[in-house]
Amino acid sequence: MRWLLILLLLFALIYLYYQWSKPKQHEHDLDRLSPAANADRKVIWLLVDSLMSHAIDQGVNSKELPALSYLIQRGTYKKDLVSSFPTMSVTVDSSLLTGTYPDRHQIPGLIWFDQKENRLVNYGTGLHEVISDGLNQTIKDAAIHLNGGHLNQETLTVYEELADRGIRSGSINGMIYRGRMDHILYFPSWLAAPTPLPERLKVKGPDFLTLGAFSNPLQGRVTLSEGPSKEFGFKDDYAIETAKYLIQNNRLPDFLFVYLPDLDKPLHKKGAGAAEREGLQKLDRNLRKLLDSFPSWDDALEKITWVITGDSGQTPIRPSHENPAVRLDQLLQKYQVLEAGKSPDDKTELVLAVNERSAYVYSLKKEISLQTLADILKTDDRIDLIAFPGEGDWIQVLNAATDQALQYRRGEDWMDPYEQGWELKGDPTALNLSLDRASRRISYGDYPDALARLSASLKSHPGRFLVVTARPGYELADAPSPTHKGGAGHGSLHRIDSVAPIIIAGTDQKPRHWRIVDLKGFILDLMNPAP
């Protein structure tokens, strides 16, 4: 028992030191949200990481989700909202909040190679990989560069456009938060000292901004779970309590975005099942807290337009004994592949940036053609799709499982369901496309909005690279990459990863299309169309 007492004492000392060293924050966000300045009807958008429709359906049918059931019965519920690609949180969130794919917002993935700086950019893929690539650089990329530089300055976020219309907005723990108002992120000295983080970092955001413990405008007004054991406030409880405070104190901005991350981690670890069910029940309890903050649930629906979305699906990953992790570094071992934690030099031939079930493979040498790399990769039967630029503005796609090939580019020969025009050459079944030759219409199958999403990823940043994805049940990996054997993963173009549910209640308006990139325009329309 002595060791237990020592451990408890150590935790107590850490907690006391954290409380003592926690910086005092002087944000004035609430001053911008005076009740008189607020519109009559507001929008609350809850983004639930890895929310999937099968779990909602099971919970609703078993009467375990009263709050979600209430909104579904009184609103619109769709199960196939098309995500961005790669289906990784930071890219998806950028698409959500800018209304564009990565060819315009320029956040290619959770990890990617910056040709200009000659280095990997990693916003936080996994502890081992982050440490290997350089913890300090990852901190700088995630905390400073993501919103401050990497996110295309010419592509406006929903917060910037709302501010330009004189409409108040807020973000609770969203990774993408760039807006028009000045804010300061506060980092405790014990965290700032050994890292490149300053104790105070000036950023631009919406009128109301929380970023866990690092930006807490409610400090001194309400106690929030924001210590190290609570992931510095990047948890659902922190976000829900913050939103609840704004509701109960009549300080809601006209548009409030709330990011809820808790469901994602157990899904990665254990896959669908009991953990997902428990996570969804917790989500429903938290939603009830928000609805209960109004005189009645009907009153909540009368005053608020509610939007609840997932960001992507998750694909079950086979167990370890079925060898589900495709080691790209081993498939390409004949080349000099950049090692984790090192910078490219004259001998480096390839760089790998693995985003779970998809990856960018960069050729740094002109003599190593992308077609040659594709020919090597397609020999592994766990590989699904390989895509890379062809001649001119054509894009080449190879279905590794069937050896079917397709080339395509923007044009007017064929029209898809999103009113996007294309020219096609080769076998359309490579991307599971169905063609109606009489109407010249394209229908998507296993890869929703595949032509636009693949094209956008290949045009998201400079470089000579191909995109590769894994078949369902498998994931891609480099030596330091996190894997999810026996759990679940995402990142690919496949429908399983690419669709998420959306619930809209409190309005009859609908997005133009059921895609994540159409939701920003939908929000702007809800908040009054531009004159």
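Structural data are supplied above this passage.
First, a word on scope: everything that follows refers to the structure included in this document. Everything numeric here is computed off the predicted structure, so don't read it as measured data.

## Here's the deal with the overall build of the protein chain
Counting secondary structure elements, the protein chain contains 18 helices and 24 strands. Projected onto its principal axes, the C-alpha coordinates of the protein chain cover approximately 65 × 60 × 45 Å. Here the protein chain holds 531 residues, and 57% of them are scored as buried. Counting contacts in the protein chain only where the partners sit at least 6 residues apart, residues at least 24 apart contribute 68% of the total. Roughly 22500 Å² of accessible area belongs to the protein chain as shown, and the carbon and sulfur atoms make up 50% of that amount. Distance between charge centroids for the protein chain: 3 Å, based on 61 positive and 68 negative side chains.

## So, the packing of aromatic side chains
All told, the structure shown has 14 aromatic pairs when counted by the stated rule. Centroid distance Y360 to F465: 5.3 Å. Interplanar angle 85°. Geometry classified as edge-to-face. In this pair, Y360 sits in strand 14 (residues 358–363) while F465 sits in strand 21 (residues 465–470), placing the two residues 105 residues apart along the sequence. Taken individually, Y360 and F465 each receive the classification buried, so the pair is uniform in this respect. In textbook terms, an aromatic cluster arises when at least three aromatic residues are bridged by ring pairs, as seen for W45, Y159, F255 and F257. Looking at K425, its charged tip hangs above the ring of W394, at a distance of 4.3 Å from the centre. In this structure, R440 packs its charged tip against the face of W414, placed 3.9 Å from the ring centre.

## Section: the environment of F255
Turning to its location among the elements, F255 is positioned in strand 9 (residues 255–260). Separated by 48 residues in the primary sequence, F255 and D207 have C-alpha atoms spaced 10.0 Å apart. The contacts of F255, once residues within four sequence positions are left out, are V43, W45, V158, Y159, L162, R168, S169, G170, I523 and M527.

## Here we look at the packing of helix 10 (residues 236–248) against helix 12 (residues 274–291)
Two elements in contact, helix 10 and helix 12, have axes separated by 9 Å at closest approach and are oriented at 15°. Taken together, the axis directions place helix 10 and helix 12 in an arrangement best described as roughly parallel. The handedness of the crossing between helix 10 and helix 12 comes out as right-handed. Only K282, N286, K289 and L290 of helix 12 make contact with helix 10, whose side of the interface consists of D236, D237, I240, E241, A243, K244 and I247. Residue composition of the contact of helix 10 with helix 12, by class: four nonpolar, one polar and six charged.

## Section: the sheet that holds strand 9
The strand order across the open sheet built from seven strands is 2-24-10-1-9-5-8, with neighbouring strands paired in mixed fashion. Two strands bound the open sheet, and with one partner strand each, they are strand 2 (75–82) and strand 8 (208–210). Between one strand axis and the next, the sheet turns by 10° as a mean value, whatever way the strands run. In the packing of helix 10 onto the sheet, the strands contacted are strand 1 (42–48), strand 5 (169–172), strand 8 and strand 9, and the crossing angle to strand 9 comes to about 160°.

## Some words on the side chain of H513
Assignment of secondary structure puts H513 in the loop between strand 24 (499–505) and helix 18 (519–526). With relative accessibility at 13%, the residue H513 sits in the buried group.

## Considerations on the pairing of strand 14
In terms of burial, strand 14 is largely enclosed, as six of its six residues are buried. Of the two faces of strand 14, both are covered, the one formed by S358, Y360 and Y362 as well as the one formed by A359, V361 and S363. For strand 13 (residues 350–355) and strand 14, the ladder comprises six bridges, and the chain directions are antiparallel. By the bridge assignment for strand 14, L352 is matched with V361. Across five bridges, the pairing between strand 14 and strand 21 is antiparallel. Each bridged residue has a counterpart across the sheet, and for Y360 the counterpart in strand 21 is V467.

## Here's the deal with the nonpolar core
Grouped together as the largest cluster of nonpolar side chains are 71 residues, with contacts concentrated most on F255, Y408, L424, L431, L451, L454 and I523. Counting residues per element, this core draws most heavily on helix 16 (residues 450–458), which supplies six residues. Residues in contact with I523, not counting those within four places in the same chain, are V43, W45, V158 and F255. Within the second largest apolar cluster, 44 residues are counted, among which are V48, V258, L291 and L301.

Definitions and limits used
Residues numbered from 1 in each chain as written. Predicted model: local features only at pLDDT ≥ 70, side-chain atom pairs only at ≥ 80, totals over all residues. Heavy atoms only, no water. Helix = DSSP H or I, 4+ residues; strand = E, 2+ residues; numbered from the N terminus. Buried < 20%, exposed > 50% of the residue type's maximum accessible area, 1.4 Å probe, protein only. Contact = heavy atoms within 4.5 Å. Areas by Shrake-Rupley, 256 points an atom, 1.4 Å probe, with all protein chains shown as cover. Lys, Arg positive; Asp, Glu negative; His and termini not counted. Charge placed at Lys NZ, Arg CZ, Asp CG, Glu CD. Phe/Tyr/Trp six-rings, centres within 6.5 Å; stacked < 30°, edge-to-face > 60°. Lys NZ or Arg CZ within 6 Å of the ring centre and 35° of its normal. Axes fitted to C-alpha atoms, helices over the stretch in contact; angles between N-to-C directions. Parallel < 35°, antiparallel > 145°, perpendicular 65-115°, else oblique. Left-handed = near helix turned anticlockwise from the far one by under 90°. Nonpolar A, V, L, I, M, F, W, Y, C, P; charged D, E, K, R; others polar. Pairing = 2+ DSSP bridges. Core = buried A, V, L, I, M, F, W, Y, C linked by side-chain atoms within 4.5 Å.

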